[in-house]
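This is what each chain is made of:
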Amino acid sequence: MEIHPTPPVLVDKKISAVSRLVVFISCLNEAETLPATLEEIPRQIPGLDEVVVVVVDDGSTDETAELARRHGADHVVRHRRNLGVARAFQTGLQTALDLGADYLVNTDGDGQYPGDRIGDLVAPLLRGEADVVLGDRGPGKVAHFSPVKRWLQRLGSHVVSRFAGTPIPDAASGFRAFTREAALRLKVFTEFSYSQETLIQAGHQGLALAFIPVTTRRTDRPSRLHKGNLHYVFRQLLTIGRALAYYAPIRTFGCLALPFFLGGFVLELRFAVLYLTGQGGIGRYIHSVTLGGFLLTIGCLIAALGLIGDGLQANRRLAQDALLRLERLERGQSTDAGDPARRRGEG
């Protein structure tokens, strides 16, 4: 059965007493590695009644979908063409929620993440200690990463940590676990990668993050995300910039406006000091006055974009809350599940 690109409702959305984990795997031409990945996923985990495996075939041209069915995948969702990692992740997330997942795990089909650690990954969720758990590969120490890749991974994690407001040791890790509430709250808007955007969202929505150390295996297939380090950095900067404009518009546009304000202020101050001390008329410094005024104007326009973005953010938050309540109703949940941070405080 093919589902494109957003999956329909797969099961009757009734409240169930069964504690269900859905593991979803996004794949693109993973026929060689997917069978071993599926066999490694544990089907019995303490604290869970059921483990369901979903494979999202993102437009593969090999036998990925058929092998997924043959090697134990409970559901296979197919895109007619390759839509990218971010869209495949969103499809897996929505499919898992449609299947009534209480907990969700995302992993890759290339075998780089240890499937036998899924139990450890969801343990902090089961204990109520976290809303999102990441497998920390220790990217700065991974032997099969090049020195440039190790440095870029550390730098990217540092940048995402600053903007998410919480330390994140491995922002690019795709080995992740979510509670149902966290999955309902996370929306992917970019078409490049979900990893950094969802972490920034989680930080701004007050979701608690936890991390467990995991080993990662070397993979020889080309990256599905990028064509090289420079391409990866450029696309990730665009993704992070877009997320910041969405979730922290005043801070983002304020930082962009600050250099223009400072440059304009210095030039105008220079003119004022020289003019008042009698070191020349306005004609002598017309260029400084003009450039300073131009910089201040640009700074004001950028700052105004931040104020507009802040107003739009309030409307977007209301729309997201309404969508969240609607999705809870569709899945037979209570509409007053509340803020994750507040619920942990009450516990």
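Residues numbered from 1 in each chain as written. Predicted model: local features only at pLDDT ≥ 70, side-chain atom pairs only at ≥ 80, totals over all residues. Heavy atoms only, no water.

Visitor: Please clarify how the overall build of the chain should be interpreted in this entry.
Guide: Looking only at helices and strands, one finds 11 helices and seven strands in the chain. Within the chain, buried positions represent 48% of all 347 residues. When the accessible surface of the chain is split by element, carbon and sulfur atoms take 59% of a total near 17,100 Å². (Helix = DSSP H or I, 4+ residues; strand = E, 2+ residues; numbered from the N terminus. Buried < 20%, exposed > 50% of the residue type's maximum accessible area, 1.4 Å probe, protein only. Areas by Shrake-Rupley, 256 points an atom, 1.4 Å probe, with all protein chains shown as cover.)

Visitor: Teacher, can you tell me more about the packing of helix H5 (residues 147–164) against helix H7 (residues 195–204) here?
Guide: Describing two packed helices takes the angle between their axes plus the distance from one axis to the other. Remark: H5 packs on H7, axes separated minimally by 8 Å, with the N-to-C direction vectors making an angle of 30°. By the angle between their axes, H5 is roughly parallel relative to H7. The two elements H5 and H7 meet at a crossing, and its hand is right-handed. Within the contact between the two elements, H5 uses Val160, Phe163 and Ala164 and H7 uses Gln196, Leu199, Ile200, Gly203 and His204. (Axes fitted to C-alpha atoms, helices over the stretch in contact; angles between N-to-C directions. Parallel < 35°, antiparallel > 145°, perpendicular 65-115°, else oblique. Left-handed = near helix turned anticlockwise from the far one by under 90°. Contact = heavy atoms within 4.5 Å.)

Visitor: What's the story with the sheet that holds strand E7 (residues 209–213) in this structure? I'm lost.
Guide: Within a sheet, adjacent strands bond to each other through the backbone by hydrogen bonds, running parallel or antiparallel. In spatial order, the strands read E3-E2-E1-E4-E6-E5-E7; together these seven strands make up an open sheet with mixed pairing. The open sheet has two edge strands, strand E3 (75–79) and E7, and neither has a second partner. Across the sheet, the mean angle from the axis of one strand to that of its neighbour is 20°, orientation sign disregarded. (Pairing = 2+ DSSP bridges.)

Visitor: What is the right way to read helix H4 (residues 118–126) from this model?
Guide: Since one α-helical turn is 3.6 residues long, residues separated by three or four positions face the same way. Looking only at H4, the buried set comprises Ile118, Leu121, Val122, Ala123, Pro124 and Leu125. On its buried side, H4 packs onto strand E1 (20–27), strand E4 (103–108), strand E5 (132–136), strand E6 (176–179) and E7.

Visitor: What exactly am I supposed to notice about the nonpolar core here?
Guide: The tendency in soluble globular proteins is for nonpolar side chains to be buried as a group. Ranked by size, the top nonpolar core spans 38 residues in total, and within it Leu104, Ile168 and Phe178 carry the most contacts. Those elements that provide at least two residues to this core are E1, strand E2 (50–58), helix H3 (85–98), E5, H5, helix H6 (180–185), H7 and helix H8 (229–247). Looking at this core element by element, the count peaks at seven residues for H3. Apart from the residues lying within four places of it in its own chain, the contact partners of isoleucine 168 are Leu134, Ser157, Val160, Ser161, Leu199, Leu209 and Phe211. Listed in part, the 30 residues of the second largest apolar core include Leu21, Val51, Tyr103 and Tyr113. (Core = buried A, V, L, I, M, F, W, Y, C linked by side-chain atoms within 4.5 Å.)

Visitor: Is there a simple way to think about the environment of isoleucine 250 in this case?
Guide: Position of isoleucine 250 relative to the elements: it lies in helix H9 (residues 249–276). When the C-alpha atoms of isoleucine 250 and glycine 311 are compared, they prove to be 9.9 Å apart, with 61 residues separating the residues in sequence. When near neighbours in sequence (up to four residues on either side) are disregarded, isoleucine 250 contacts Gly306, Leu307 and Asp310.

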